[in-house]
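Each chain, letter by letter, is given below.
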Amino acid sequence: HVAGPSRPIAAAATADQEQQQQQQQQSSRANPYYVRTLTGHSDSVRTVTGFGNMVVSGSYDGSVRVWDALTGVLRHQLNGHTSKVYALVLDTDMHLIFSGSMDGFIRVWDWDTGVCLRILRGHLTLVGLLGLDHSALVSAGADQTLRIWDHPMRGGAASTLSDSQMVMRQRPFSNIAGDLVPAAVSPAASSALNAFPHLHNLGPNAMLANHIAAAAAAAAAAAAANQAQVAPGGLAQAIAANPQQIHIMQQLQLQQRANDQLLHQQLNNMAGGGEHGGGGGVALADLLRTDRAVLRGHSTAITCFQHDGTKIVSGADNTVKLWDVRTGLFVRDLLTNLTSVWQVRFDSRRCVAAVNRNDTTYFDIMDFGL
């Protein structure tokens, strides 16, 4: 004998609705500003934004939801990310939603139709922060990079990926950690790899090789700065002393490949009409975009940044850095020797950074007009 529900399902649903209405009425009486509660996500809500009467929420359940704040109606449930959604930003002129996820992708949605219009591929893992201004999108990830994207729906110099390759194009200055490109390992990387044969079991891997070469260059630069001579094999020892970083980069590459496989499967389903609201029939090359610039220099996940279309101020590890949006180049360190960076904000002249030094919080103010 299988025990049935203690009360009919329809009656249970009605009772739950009545209980929710009672709770809303109690909240309304207790707080005159209260309007309603929006429910629907199956996991924690990480990020919320809005415009007018529209509310957009991103959740650890992997979905983005678009709500009507006046009626409480769910306008769209945007499915496509394969992992937690961490960041949202809106283009209110073009009615677009940008979402960043732990799957490493940024998706661009039409908030009127719920259709996914573009997929931005570049980060190796979590995209935790997004900023949109003056037609330039900037993203920050746990892969220690900031990335600059031309607005994918406004034309311009945005690059595309071929349907057969679906790989990143390497930028001239993205020489730290390397990008996934079908290219031969550079001579510098080969020399560094030959210094310690135990890494050859990683197989042909341009990303790790370039990362190792960059570590070798950094070690040589540090030695030169200290007016010290590098003994034979010294670079190999300096690089081999940090196997954890190499392991991290290897794991990020494996994760990106897994994410690519999921994305490719999704796009194949879309082409066959298998994914509702995904833009079925759209060619892969029309959906995918790559970054215009990769900004490398931080040694940990980016914790905060702001940009205004011309400059970026970012915080991570023990520094606050200044970058040029137009060229994608590093300008200078604004603050160093910090324990951590909590937040940065600037206007046309001043920048304020909330930082920690030796377990004490400070607000450092900088003046760009000086």
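Refer to the structure presented above.
If you're wondering where the values come from, they're calculated on a predicted model, not measured in any experiment. (Residues numbered from 1 in each chain as written. Predicted model: local features only at pLDDT ≥ 70, side-chain atom pairs only at ≥ 80, totals over all residues. Heavy atoms only, no water.)

What to know about the overall build of the protein
Helix and strand counts for the protein stand at six helices and 21 strands. The buried share among the 370 residues of the protein stands at 44%. Looking at the protein alone, contacts between residues at least 24 apart form 47% of all its contacts between residues at least 6 apart. (Helix = DSSP H or I, 4+ residues; strand = E, 2+ residues; numbered from the N terminus. Buried < 20%, exposed > 50% of the residue type's maximum accessible area, 1.4 Å probe, protein only. Contact = heavy atoms within 4.5 Å.)

Considerations on the sheet that holds strand β10 (residues 136–141)
Taken together, the four strands give an open sheet; going across it, the order is β9-β10-β11-β14, and neighbouring strands pair in antiparallel fashion. Each edge of the open sheet carries a strand with a single partner, namely β9 (127–133) and β14 (293–296). For this sheet, the mean inter-axis angle between neighbouring strands, taken without regard to orientation, is 20 degrees. Strand direction decides the pairing type here: β10 and strand β11 (residues 145–150), joined by five bridges, are antiparallel. Counted as the bridge partner of A140 is L146 from β11. (Pairing = 2+ DSSP bridges. Axes fitted to C-alpha atoms, helices over the stretch in contact; angles between N-to-C directions.)

A word on the packing of aromatic side chains
If you walk through the whole model with that rule in mind, you get four aromatic pairs. Aromatic side chains Y60 and Y86 sit 5.4 Å apart centroid to centroid with 35 degrees between the ring planes, which places their arrangement in the tilted category. You can see Y60 sitting in the loop between β2 (54–59) and β3 (64–68) and its partner Y86 sitting in strand β5 (residues 85–91), a full 26 residues away along the chain. With a relative accessible area of 14%, Y86 lands in the buried category. When the ring of W323 is compared with that of F330, the centres are 5.3 Å apart and the planes differ by 70 degrees; the resulting orientation is edge-to-face. In this structure W323 comes out as buried when scored by relative accessible area, which is 2%. We note K84 situated over the ring of Y60; from NZ or CZ to the ring centre the distance is 4.5 Å. Directly above the aromatic system of Y362 lies the positively charged group of R357, at a separation of 5.3 Å from the ring centroid. (Phe/Tyr/Trp six-rings, centres within 6.5 Å; stacked < 30°, edge-to-face > 60°. Lys NZ or Arg CZ within 6 Å of the ring centre and 35° of its normal.)

Examining the side chain of D308
Considering the arrangement of structural elements, one finds D308 in the loop between β15 (304–307) and β16 (311–316). Among the polar contacts listed, one links the side chain of D308 to the side chain of K311, at a separation of 2.8 Å. Every residue in contact with D308, bar those within four places of it in the chain, is listed here: D133, H134 and F346. (Polar contact = N/O pair within 3.5 Å; in protein donor to acceptor, adjacent residues only side chain to side chain.)

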